[in-house]
Number of protein chains: 2
Amino acid sequence: MKRDAQPQAGGGLRTDFVGWLKGIAGASPARAALLIFAFAIAVFTSLLMLPWATSSGRSASLPEALFVATSAVSVTGLTPVNTADHWSLAGQIIIIVAIQLGGLGILTVASVLAASVSRSLGVRTKLVAQEGWKTDQLGEVASLIRIVIIISLAIEAALAAVLVPRLIAIEGDVLTGLWHGVFYAISAFNNAGFVIHSDGLAGIGYDPISVWTIMIGVFLGSLGFPVLYVLWRFRWHFRSWNIHAKLTVEVTTLLMVAGAAIYAFMEWNNNATIGDMPMWEKLQSSLFASVNMRSGGFSVVTSNEENSTTMLISDALMFAGGGSVSTAGGIKVTTIAVIWLAFLAEARGHKESVAHARTIPSSTVRVAVSVVAMGATMVLLSTLALMSISGLDMERPLYESISAFGTVGLTSGLTSELPPSGLYILAALMFAGRVGIISFAAALTVRQRSTRYRYPEGRPILG
Amino acid sequence: MKRDAQPQAGGGLRTDFVGWLKGIAGASPARAALLIFAFAIAVFTSLLMLPWATSSGRSASLPEALFVATSAVSVTGLTPVNTADHWSLAGQIIIIVAIQLGGLGILTVASVLAASVSRSLGVRTKLVAQEGWKTDQLGEVASLIRIVIIISLAIEAALAAVLVPRLIAIEGDVLTGLWHGVFYAISAFNNAGFVIHSDGLAGIGYDPISVWTIMIGVFLGSLGFPVLYVLWRFRWHFRSWNIHAKLTVEVTTLLMVAGAAIYAFMEWNNNATIGDMPMWEKLQSSLFASVNMRSGGFSVVTSNEENSTTMLISDALMFAGGGSVSTAGGIKVTTIAVIWLAFLAEARGHKESVAHARTIPSSTVRVAVSVVAMGATMVLLSTLALMSISGLDMERPLYESISAFGTVGLTSGLTSELPPSGLYILAALMFAGRVGIISFAAALTVRQRSTRYRYPEGRPILG
Ligand SMILES: [K+]
Ligand SMILES: [K+]
């Protein structure tokens, strides 16, 4: 229908699809994103319910298949069943395809949304050109999508090039090593957190090269496409970066270092996690945990054996998440930056938030507040529901809800214990945390318009 | 020193004091508030450490005395010891005097702050005159303080007039009834939550008139002085109210009704709380719990026997708190209103937050965000510290931290189990939640000034 409304010159399936995507994204970007992802989840749920997708040959149940499909497409990594044991090779291939398409889908849809939002705002020049995405190079949605796909596949190929030889050596079998290497490369860059060793990553956790490769993959994926593009174009010339890249890299680095330090401090003597590792492995595992808490979802230790204090710190980092237009979830590091800058401006008595010689518009602060308020409300409601369903006190339901909302995939073990009603709640949260937040923020930004008249100011007393 | 800088005509101890207060409040309102309260806490700590303050005749320990003095002056109501058993009549009189002075202190200091803030902002006309406090009547700080004291004492006297006869009947002794009636009248209006029955309010919970009188006292105290003043002047002519009073009453009513409904729904069949009460008492107790969760701190049931879900809802309501310039704590209902209005404006695509034909300035949104961020950070740090100290998981440390920060006084039982280090943390949180938030918000508002030049806009991508 949209194709009728916006006929494309040229034809050809690819151009048609791109034109159609461009059409609906331009018309209602938020709705388009929601529909595309719901459709993808339905398709992968159906595939996972085929008998040959499971290792037992019995069809997976609807809640199981729907949950895993949602988890894969939203690149979360939570799963009620053990990915290595429950699914056949075919099932695992379905999952990694869902992850790859989900990850690329998020990056492309979010890129298109960001571009279409900026067009509707009349600040296309600002966001797309001045702020790093050159109009002359990426003006067309099709080129934008092509660049996203090229960067993603290039990074995944580089990760696989390191992982495959290591895993061939570890597994002692060429085909298994190849398959595992490719799986982990895709799972890492897409921040998916799915593992196909039945004992999780503990089995390869002793190999620093594998651990660091996965960690670097997760880190790059969590930075987000606009930052990767800036890095690709400007390398380490920090001054040439746009405000988005500067803020993203700064907050990401701060959270990563602080998270690793706090994790090491809290778990140093916990023998159920890193307590009996040698010093270098304690530090490496702490950094790995910190990087993955903000969305990767891989773990070399069992999360529910961490201290309660560590789980609370994880809650905060999982909620924070990664960069915008990335495979990471959460409220995003730029949202945190905007709120922190607003706070700083207030504390210093400045009228406007300023960072790196740029004024952050006050409308941006309101979008940030709205995103946090929506996220906190969804997590609170889900936590309450899971507490009712499970009869547990808040610690594990909260952890699992934030992990789902932030599409992190770390688990307190609750997901594998929940009845279908609980799985549906978490699946809804993964969906909302993945597509909801992006389209919500885009919808808010795109709909900003001037009011016709202005009321006199009314200043309620706060605090 | 300040008196030298701003010599007062007239003289007389009262005028001198008022002039001095006016002077330092005008110069640095935030610091003045902090100093006054720290001084008051030091005095009452010393008094409570006198041997004749305890029923045993042995001096209370420093952490105990400091904690109870802070709790009384900040009108919180948390206590590591049973007020009825641990303290002598003299000790209880010290406590109720601390509550009365603390409550009046908060109301007067916050009123003066609000007035001085509006003067420094150059919007004195707006806040003090247009928005309800007529300059011609309350222009002078001295009259402002007088009105605060008159309204407070008048309401307390009305509450005592109902409570004293009831408690004489219940206790069967005129002097005891008189003392208890006056104590509960002061404790209720000041949202202090201290009780002098060793079994808490359960002993008089069967008497609806006492329960409703205390509930109404808590409710009036939590509305805050600017709203009480508007109610006194304009009664129920809602259209004549200012924006502050409208928003406060609306959010308060919403939270009260929703809180009672949720409480009733969650605890209906919990026999440890309201489960075996008759229907009318279940509803009355739910309303009582809802009103007191937002700061009163009285309870007719034992909080730590509530469901975990109820405790989580309580966490949210305790954090929210009551009205500004009131004896209630928390981030304040107008802060919630401002954030909700910002969210609504975003969702509707309006450029500005509007309520009741008034534009909420965007600087107000930033103050609100800063207050929430500061509160959330303090609660998180305190929760982590208490989890480390107690070895518990997050539920009870979080509950106790929010109760202290929101100066609510409801307890999960943790306060009476903590070692001195934990008591100092909670005492610091009560102090910060009481004076910190008020002076923080005032300091933020007062320091707002224009920047000399404006950077170009930089719009990071969110969500
Ligand atoms: K993930
Ligand atoms: K209280």
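Note: the structure precedes this text.
All figures in this text were calculated on a predicted structure; none of them were measured in a lab.

Calculation rules
Residues numbered from 1 in each chain as written. Chains lettered and ligands numbered in written order. Predicted model: local features only at pLDDT ≥ 70, side-chain atom pairs only at ≥ 80, totals over all residues. Heavy atoms only, no water. Helix = DSSP H or I, 4+ residues; strand = E, 2+ residues; numbered from the N terminus. Contact = heavy atoms within 4.5 Å. Areas by Shrake-Rupley, 256 points an atom, 1.4 Å probe, with all protein chains shown as cover. Donors = N, O, S within 2.8 Å, 3.2 Å for Na, K, Ca; no water. Buried < 20%, exposed > 50% of the residue type's maximum accessible area, 1.4 Å probe, protein only. Axes fitted to C-alpha atoms, helices over the stretch in contact; angles between N-to-C directions. Nonpolar A, V, L, I, M, F, W, Y, C, P; charged D, E, K, R; others polar. Tetrahedral: all angles 85-135°; square planar, octahedral: opposite > 155°, others 65-115°. Patch = residues over 30% accessible without salt bridge, like charges linked within 9 Å, V, L, I, M, F, W, Y side chains within 5 Å. Salt bridge = Lys/Arg side-chain N within 4 Å of Asp/Glu carboxyl O. Phe/Tyr/Trp six-rings, centres within 6.5 Å; stacked < 30°, edge-to-face > 60°. Lys NZ or Arg CZ within 6 Å of the ring centre and 35° of its normal.

Overview of the overall build of chain A
Looking only at helices and strands, one finds 19 helices and two strands in chain A. Here the analysis covers contacts within chain A between residues at least 6 apart in sequence; of these, 69% occur between residues at least 24 apart. Approximately 17,400 Å² of chain A is accessible, and the part contributed by carbon and sulfur atoms is 64%.

Focus: the coordination of the potassium ion (ligand 1)
All names here are of chain A. Coordination sphere of the potassium ion (ligand 1), protein contribution only: Val75 (O), Thr76 (O), Asn191 (O), Ser295 (O), Gly296 (O), Thr407 (O) and Val408 (O), at 2.3 to 3.2 Å. Sequence positions of the residues that donate to the potassium ion (ligand 1) give the spacing V-T-x114-N-x103-S-G-x110-T-V. Here the residue Thr76 occupies a position in the loop between α4 (62–73) and α5 (83–86), and Gly296 occupies one in helix α14 (residues 279–296), the gap between them amounting to 220 residues. With relative accessibility at 0%, the residue Thr76 sits in the buried group.

Structural notes on the packing of helix α10 (residues 174–189) of chain B against helix α11 (residues 208–223) of chain B
Residues and elements named next belong to chain B. Interhelical geometry of α10 versus α11 gives an angle of 35° and a closest axis separation of 7 Å. Residues Tyr184, Ala188 and Phe189 of α10 lie in contact with α11, whose contacting residues are Ile214, Gly217, Val218, Leu220 and Gly221. Of the residues belonging to the contact of α10 with α11, the class tally is six nonpolar, two polar and no charged.

Looking at the coordination of the potassium ion (ligand 2)
All names here are of chain B. Coordination sphere of the potassium ion (ligand 2), protein contribution only: Val75 (O), Thr76 (O), Asn191 (O), Ser295 (O), Thr407 (O) and Val408 (O), at 2.3 to 2.9 Å. Angles of 65 to 146° at the metal separate the six donor atoms of the potassium ion (ligand 2), which places the site in the irregular class. Mapped onto the sequence, the residues coordinating the potassium ion (ligand 2) show the spacing V-T-x114-N-x103-S-x111-T-V. A residue pair is termed long-range when its members are at least 10 positions apart, and Thr76 in the loop between α4 (62–73) and α5 (83–86) and Val408 in the loop between α18 (395–405) and α19 (420–446) qualify at 332 residues.

Points about a nonpolar patch on the surface
On the surface, Leu89, Ile93, Val97 and Leu101 of chain A cluster together into a nonpolar patch covering about 340 Å² of accessible area. We classify Val97 of chain A as partly exposed; its relative accessible area is 36%.

Considering the packing of aromatic side chains
In this description, an aromatic ring pair is defined by two values, namely the gap between the centres and the angle between the planes. Tallied over the full model, the rule gives 16 aromatic pairs over all chains. Note on Phe225 of chain A and Tyr229 of chain A: the rings are 6.2 Å apart at their centroids and 40° apart in plane angle, and the pair reads as tilted. Taken together, the positions of Phe225 of chain A and Tyr229 of chain A, both in helix α12 (residues 225–234) and four residues apart, correspond to about one turn of that helix. Per residue, the accessibility class of Phe225 of chain A equals that of Tyr229 of chain A, and both read buried. Relative to Trp241 of chain B, the ring of Phe238 of chain B lies with its centre 5.0 Å away and its plane at 55°, an arrangement referred to as tilted. The exposure class assigned to Phe238 of chain B is partly exposed, which follows from its relative accessible area of 33%. Residue classification places Trp241 of chain B among the buried residues on the basis of a relative accessible area of 5%. One aromatic cluster is present, built from ring pairs that chain together Trp179, Phe183 and Tyr184 of chain A. Over the ring of Phe238 of chain A we find Lys246 of chain A, and its NZ or CZ is 5.7 Å from the ring centre. The ring of Phe234 of chain B is capped by Arg233 of chain B, whose NZ or CZ atom sits 5.0 Å from the centre of that ring.

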